[in-house]
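Chain by chain, the residues run as shown.
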Amino acid sequence: MSDENKDNKPTESPEGLPANAGRRRFLVGSAVVGAAGMAGVAGVGTLTRSEPAQSASEGDGPDIHVAPGELDEYYGFWSGGHSGEVRIYGVPSMREIMRIPVFNHCSASGWGMTNESKRVLGDSHRFTNGDAHHPHVSYTDGSHDGRYLFINDKANTRVARIRLDVFKTDKIVTVPNAQAIHGLRLQKAPRTGYVFANAEYMIPQPNDGRDLDDPSKYFTLWNAIDGDTMEVKWQVMVDGNLDNMDTDYTGKYAAATCYNSEGGVDLASKMRADRDWVVVFSIERIEQAVADGNYTTIGDSDVPVVDGRKSSDLNVTRYVPVPKNPHGLNTSTDGKYFIAAGKLSPTATMIEIARLDALFAGELSDARDVVAAEPELGLGPLHTTYDGRGNAYTTVFIDSQIVKWNMDAAVRNYNGEDVDYIIQKLDVQYQPGHNHATLAESKDADGKYLFSLNKFSKDRYLPVGPLHPENDQMIDISGDEMKVVHDTPTFAEPHDAVIIRRDQITTKQVWERDDPFFAETVARAKADGINLETDNQVIRDGNQVRVYMTSVAPNFGMPEFTVKQGDEVTVTITNMDKVEDLTHGFCVVGHGVSMEISPQQTSSITFTADKPGVHWYYCNWFCHALHMEMTGRMLVEPA
Ligand code: RUQ
Ligand code: CUA
Ligand code: CA
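The model shown is predicted, which means the values in this text are computed figures rather than measured ones. (Residues numbered from 1 in each chain as written. Chains lettered and ligands numbered in written order. Predicted model: local features only at pLDDT ≥ 70, side-chain atom pairs only at ≥ 80, totals over all residues. Heavy atoms only, no water.)

Asks: Would you mind going over the overall build of the chain with me for this structure?
Replies: When helices and strands are counted, the chain shows 7 helices and 40 strands. The C-alpha radius of gyration of the chain comes to 27 Å, within 12% of the 26 Å expected for a compact globule of 639 residues. With respect to the principal axes defined by its C-alpha atoms, the chain has extents near 85 × 65 × 45 Å. Here the chain holds 639 residues, and 60% of them are scored as buried. (Helix = DSSP H or I, 4+ residues; strand = E, 2+ residues; numbered from the N terminus. Rg over C-alpha atoms; globule rule 2.2 N^0.38 Å. Buried < 20%, exposed > 50% of the residue type's maximum accessible area, 1.4 Å probe, protein only.)

Next up, the structure:
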């Protein structure tokens with residue numbers, strides 16, 4: 001990084017224009033021209049590489065170098081967007097440590113192929129895609145407790161849970177009566193508890209074809225899932241749609257942004273109203289309505305559905321008008337505010353949580369009375385994060401900046417005091433969506449690093465053709481001034497991240513033999529009279545053949561087994577190696593069969609032996625000096 005750019009001054013472009021200003025002017029210009037404001041995004045594609053690469057500030061920040069052999073300070077969980085997975089980074093090194101397949105299918109681990117993963121995926125196993133946006137780690141009393149990570153699937157309306165002791169997805173639920181789960185947040189206190197999920201799109205209810213084109217029949221649902229059982233507990237009907245959401249630090253309230261109060265089905269109608277709203281949910285009142293039997297059900301689902309529309313007299317929701325088409329909603333870590341980012345408005349709306357009791361009690365004449373301030377931040381505010389020192393950091397997409405501002409000063413300014421609340425505006429590269437600071441979704445926010453999840457990387461990396469990576473930038477926020485200290489290219493497409501301290505997670509480095517993850521497979525073996533830890537045996541049951549074997553490096557328990565053409569073969573392997581990191585694999589050539597078997601794990605996979613002849617199987621995780629020799633033959637007798 002060149003010294004002359006230490007202060008993040010714009011570099012000169014060949015035309016003598018500051019590159020930064022030129023780029024911003026371009027984006028702002030097209031944004032204004034674009035009918036939808038945010039349509040300026042489309043213009044990004046026309047920027048060419050002739051603009052000089054922008055240098056970010058760097059210098060005397062913290063030492064982010066993590067030496068070989070040293071461990072990182074934080075776990076970072078990144079959503080993989082429409083790759084459908086979750087990725088684990090070490091922070092601050094930004095070394096990618098692991099990927100967890102969730103909604104996608106994985107060639108390496110066999111996720112989506114093994115019987116254990118198919119049980120987790122359930123009926124939705126037929127989908128091989130997902131769109132994972134919002135990863136969040138479970139809480140006890142407002143602090144992360146490292147039990148689970150939950151994440152939404154917008155593409156197929158699912159919510160998944162990942163066990164953080166083994167870093168495997170263990171439950172996936174499809175939310176009924178809903179289309180596209182987007183915003184997802186967890187109950188923070190007393191514990192998780194509820195997993196709340198916004199359904200984004202409005203659909204006719206029931207959506208069985210009787211009302212296709214009558215938008216007045218459309219509505220969407222706010223959903224509560226029990227984080228312990230992963231059952232959908234109840235749903236709340238709302239007006240408009242739902243985008244992002246967050247919860248408070250008491251367990252009493254949640255709030256979600258709505259960008260389509262108009263109930264429009266095309267872009268122009270979704271932009272028509274000057275104001276949309278933040279929908280505030282009273283969790284107690286919803287629970288009471290369910291307990292009192294004040295609910296309906298939809299279609300063939302038996303989940304209680306409580307009416308939280310404006311017209312309802314159940315009073316389980318309140319609609320707070322905010323400037324049109326808001327997006328992110330993030331609770332300040334002091335527990336005081338729900339902060340909704342304006343997106344089409346250059347403002348953020350601070351809703352004071354302490355005033356919500358009065359709002360629900362009907363003591364306020366105007367729902368806007370809960371607004372504590374509405375600071376102006378820049379063009380295209382999308383998401384906000386916190387440093388635990390009273391400052392908020394908001395991404396402004398069109399301006400391509402992170403805006404650091406003081407919450408208390410914003411409130412004083414709103415109340416007429418002549419005080420400036422903007423502390424710093426930092427250019428990022430380019431077009432940030434979410435941002436996220438260390439521990440900033442918990443009361444333990446420590447204000448050390450902030451990540452700007454930028455939607456465009458443009459010229460920051462070696463060119464790799466028309467499809468570019470995203471660019472996730474690490475910013476040091478420990479001092480008075482924000483500084484970009486690292487760029488990380490990421491593949492399609494992290495939306496959000498959560499970063500927690502490494503001591504908040506305790507993992508098992510070797511599976512326990514009685515782990516519920518493979519309990520069903522173990523039960524099946526038991527029914528077949530098999531001791532998985534010692535037996536190597538083939539059981540025939542009509543045309544179903546169950547092959548049981550162990551693996552101990554560098555051998556499979558069976559160097560060959562024989563089946564008949566057309567048999568449905570289930571191979572179950574128990575890895576009897578106990579050494580940490582000694583994972584085996586099982587791959588049958590030409591059969592689309594591959595799986596991971598980590599130490600002490602039992603894995604199984606089912607396929608049809610449809611081709612007569614010799615078919616080699618081999619271990620595909622390098623396990624031993626004789627790993628290449630860890631093979632066997634499946635002998636298929638012709639039918
Ligand atoms: S959303 S870029 Cu899917 Cu979290 Cu805001
Ligand atoms: Cu076992 Cu490679
Ligand atoms: Ca709107």
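Still to come is the rest of the account.
Asks: Help me understand the coordination of the calcium ion (ligand 3) in this model?
Replies: Angles at a metal have ideal values that depend on geometry: 109.5 degrees with four tetrahedral donors, 90 or 180 degrees with six octahedral donors. Only Tyr259 (O), Glu262 (OE), Glu262 (OE), Lys270 (O), Asp276 (OD), Asp276 (OD) and Asn325 (OD1) from the protein coordinate the calcium ion (ligand 3), and they sit 2.3 to 2.8 Å from it. Counting gaps between the donor residues of the calcium ion (ligand 3) yields the pattern Y-x2-E-x7-K-x5-D-x48-N. Lys270 gets classed as partly exposed once you look at its relative accessible area, which sits at 24%. (Donors = N, O, S within 2.8 Å, 3.2 Å for Na, K, Ca; no water.)

Asks: Could you clarify how one ought to interpret the layout of surface pockets in this entry?
Replies: Leftover empty space is mapped by rolling, across the atoms, a probe with the size of a water molecule. Estimates place the volume of the largest pocket at around 1,200 Å³. Around the largest pocket, the lining comprises 38 residues; the ones closest to its centre are Ile97, Met98, Val166, Phe167 and Gln509. Elements supplying a minimum of two residues to the lining of the largest pocket: β1 (74-79), β2 (85-91) and β3 (95-101). With 7 residues, β3 is the single largest residue contributor to the lining of the largest pocket. Looking at side-chain class alone, the lining of the largest pocket contains 18 nonpolar, 7 polar and 13 charged residues. (1 Å grid on protein atoms, 1.4 Å probe; cavity = no way out; pocket = protein on both sides within 12 Å on 5 of 7 lines; lining within 4 Å. Points joined across faces, edges and corners; volume = space filled by probe spheres on them. Nonpolar A, V, L, I, M, F, W, Y, C, P; charged D, E, K, R; others polar.)

Asks: Looking at this structure, I do not really get unusual backbone geometry. What am I missing?
Replies: Trans is the common state for peptide bonds, and a negative phi is the common state for residues other than glycine. Each neighbour pair has its own omega, and for Gln205 with Pro206 the value is -5 degrees, a cis peptide bond. Tracing the chain through its elements places Pro206 in the loop between β10 (203-204) and β11 (218-226). Here the residue pair Gln429 and Tyr430 is connected by a cis peptide bond, since its omega of -10 degrees sits within 30 degrees of zero. For Tyr430, the location among the structural elements is in the loop between β25 (422-427) and β26 (432-437). Positioned with a positive phi, Asn325 is a non-glycine residue whose angle comes to about 55 degrees. Counting through the fold element by element, Asn325 comes out in the loop between β17 (317-323) and β18 (329-331). Of the residues examined, Asn325 reaches a relative accessible area of 4% and is grouped as buried. Positioned with a positive phi, Asp581 is a non-glycine residue whose angle comes to about 80 degrees. Looking at the secondary structure, you find Asp581 in the loop between β35 (568-575) and β36 (584-588).

Asks: Sorry if this is basic, but what is going on with the sheet that holds strand β29 (residues 483-490) here?
Replies: Strand order in the open sheet formed by 4 strands is β26-β27-β28-β29, and the pairing between neighbours is antiparallel. Two strands bound the open sheet, and with one partner strand each, they are β26 and β29. Averaged over all adjacent pairs, the angle separating strand axes in this sheet is 20 degrees, with direction ignored. With 6 bridges connecting them, strand β27 (residues 449-454) and strand β28 (residues 470-476) associate as antiparallel partners. (Pairing = 2+ DSSP bridges. Axes fitted to C-alpha atoms, helices over the stretch in contact; angles between N-to-C directions.)

Asks: Can you walk me through the packing of aromatic side chains in this structure?
Replies: By convention here, two paired aromatic rings are described through the distance between centres and the angle between planes. Counting across every chain of the model gives 22 aromatic pairs. Each ring, one from Trp78 and one from Tyr89, has its centre 5.1 Å from the other, and the planes form 65 degrees; the classification is edge-to-face. In this pair, Trp78 sits in strand β1 while Tyr89 sits in strand β2, placing the two residues 11 residues apart along the sequence. The same class applies to Trp78 and to Tyr89, which are both buried. An aromatic cluster is defined as three or more aromatic residues linked by ring pairs; in this entry it consists of Tyr194, Phe196, Trp222, Trp234 and Phe281. The ring centre of Tyr148 lies 4.0 Å from the NZ or CZ of Arg161, which sits over that ring. The residue whose ring lies beneath Arg309 is Phe219, and the NZ or CZ to ring-centre distance is 5.0 Å. (Phe/Tyr/Trp six-rings, centres within 6.5 Å; stacked < 30°, edge-to-face > 60°. Lys NZ or Arg CZ within 6 Å of the ring centre and 35° of its normal.)

Asks: What exactly am I supposed to notice about the side chain of Arg546 here?
Replies: With respect to the helices, strands and loops of the structure, Arg546 is situated in strand β32 (residues 544-552). At 2.5 Å, the side chain of Arg546 and the side chain of Asp528 are in polar contact. A distance of 3.2 Å separates polar atoms of two side chains, one belonging to Arg546 and the other to Asp541. Ignoring anything within four residues of it in the chain, the contact list for Arg546 reads Arg524, Asp528, Gln537, Val538, Ile539, Asp541 and Thr570. (Polar contact = N/O pair within 3.5 Å; in protein donor to acceptor, adjacent residues only side chain to side chain. Contact = heavy atoms within 4.5 Å.)

Asks: When you look at the sheet that holds strand β37 (residues 593-597) in this model, what are you seeing that I'm missing?
Replies: Across a sheet, strands are paired by hydrogen bonds formed along the backbone, either parallel or antiparallel in direction. Judged by pairing direction, the sheet is mixed, and its 5 strands sit side by side in the order β34-β40-β39-β36-β37 without closing on themselves. Across the chains shown, the open sheet's two edge strands, defined by having one partner strand only, are β34 (560-564) and β37. Direction aside, the axes of adjacent strands within the sheet are offset by 20 degrees on average.

Asks: Looking at this structure, how should I read helix α4 (residues 283-291)?
Replies: For an α-helix, 3.6 residues make a turn, and residues three or four places apart therefore share a direction. Buried residues of α4: Ile283, Ile286 and Ala289, and no others. For α4, the buried positions fall inside an angular range of 125 degrees around the axis, keeping them on one side. Of the surrounding secondary structure, the elements contacted by the buried residues of α4 are β9 (194-199), β11, β12 (232-238), β14 (253-258), β15 (275-282) and β16 (305-307). Just downstream of α4, Gly293 is the residue with a positive phi angle, here 80 degrees. (Arc of directions from axis to C-beta.)

Asks: Which parts of the structure should I look at to understand the environment of Ile181?
Replies: Mapped onto the elements, Ile181 comes out in strand β8 (residues 181-186). Distance from Ile181 to Ser216, taken between C-alpha atoms, is 21 Å for residues 35 residues apart in sequence. Look past the residues within four positions of Ile181 in its chain and what remains in contact with it is Asn152, Asp153, Lys154, Thr157, Arg158, Val159, Val175, Ala197, Asn198, Ala199 and Asn223.

Asks: How do you make sense of the site of ligand 1 when you look at a structure like this?
Replies: His133, His134, His182, Asn244, His327, His383, Gly433, His434 and His495 make up every residue found near ligand 1. Taken together, the residues that form the shell around ligand 1 break down as no nonpolar, 9 polar and no charged. (Near = heavy atom within 4 Å.)

Asks: It is not clear to me how the pairing of β2 should be interpreted in this structure. Could you clarify?
Replies: The side chains of a regular strand alternate, first on one face of the sheet and then on the other. Of all 7 residues in β2, 7 are buried, a share of seventy percent or more. Residues Glu85, Arg87, Tyr89 and Val91 line one face of β2 and the alternating positions Val86, Ile88 and Gly90 line the opposite face, and both faces are buried. Examined bridge by bridge, β1 and β2 share 6 bridges and lie antiparallel to one another. What sits directly across from Tyr74, in β2, is Val91. Pairing of β2 with β3, which is carried by 6 bridges, proceeds in the antiparallel orientation. What sits directly across from Glu85, in β3, is Pro101. Between β2 and β3, which pair antiparallel and follow one another directly, the connecting turn spans 3 residues, one of which, Met94, has a positive phi of 60 degrees.

Asks: Where do I start with the confidence of the model for the chain in this structure?
Replies: When pLDDT is averaged along the chain, the result is 92, and 90% of the positions lie at 70 or above. Low pLDDT (under 50) marks residues 1-58, which in the prediction has 95 contacts with non-local residues, meaning those over four places away or in another chain. (pLDDT = per-residue confidence, 0-100.)

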